[in-house]
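Chain residues, written in single-letter form:
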Amino acid sequence: MKFIHFQPIANSIIYSLLGIVILLVGYFIIEKLTPENTWKEVVEKNNVAVAIVLAGFIIGISMIISAAIHG
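Residues numbered from 1 in each chain as written. Predicted model: local features only at pLDDT ≥ 70, side-chain atom pairs only at ≥ 80, totals over all residues. Heavy atoms only, no water.

Asks: I tried to follow a nonpolar patch on the surface on my own but got confused; where do I start?
Replies: On the surface, a nonpolar cluster with roughly 840 Å² of combined accessible area is contributed by Ile 4, Phe 6, Ile 9, Ile 13, Leu 17, Ile 20, Leu 24 and Phe 28. By the secondary structure assignment, Ile 4 is in the segment before helix H1 (6-33). (Patch = residues over 30% accessible without salt bridge, like charges linked within 9 Å, V, L, I, M, F, W, Y side chains within 5 Å. Areas by Shrake-Rupley, 256 points an atom, 1.4 Å probe, with all protein chains shown as cover. Salt bridge = Lys/Arg side-chain N within 4 Å of Asp/Glu carboxyl O. Helix = DSSP H or I, 4+ residues; strand = E, 2+ residues; numbered from the N terminus.)

What follows is the structure, given as structure tokens:
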């Protein structure tokens, strides 16, 4: 019977949570640096251009975080 090693599972959970926290911190920094409320622009005013920029930002930061975590 093979035993399940919980160390890789715990590492994955910790790194995932760390990546999400870093991504949220990055989003809030961008939110403070921009003159308009980006979430309000996307949701209430249906500004597609801001949504595309935010999507690009989130994908870019996610790729950087992933590369930093995986080495």
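This is not the end of the story, as more comes after the structure.
Asks: I tried to follow the layout of surface pockets on my own but got confused; where do I start?
Replies: In this approach a probe as big as a water molecule rolls over the atoms, and the regions it shows empty are the leftover space. Counted as a void, the largest pocket has a volume near 160 Å³. In terms of lining residues, the largest pocket is bounded by Ser 12, Tyr 15, Ser 16, Gly 19, Ile 20, Leu 23, Ser 62, Ile 65, Ser 66, Ile 69 and His 70. Counting residues per element, the ones that place at least two in the lining of the largest pocket are H1 and helix H3 (48-70). Broken down by class, the residue content of the lining of the largest pocket amounts to five nonpolar, six polar and no charged. (1 Å grid on protein atoms, 1.4 Å probe; cavity = no way out; pocket = protein on both sides within 12 Å on 5 of 7 lines; lining within 4 Å. Points joined across faces, edges and corners; volume = space filled by probe spheres on them. Nonpolar A, V, L, I, M, F, W, Y, C, P; charged D, E, K, R; others polar.)

Asks: Quick question: what am I supposed to make of the pattern of salt bridges here?
Replies: Two side chains carrying opposite charge are able to pair once their charged atoms lie near each other. Using the criterion set out here, one finds one salt bridge in the structure. Residue Glu 41 is joined to Lys 45 by a salt bridge in which the shortest nitrogen-to-oxygen separation is 3.2 Å. Exposure remark for Glu 41: the relative accessible area of 12% places this residue in the buried category. (Buried < 20%, exposed > 50% of the residue type's maximum accessible area, 1.4 Å probe, protein only.)

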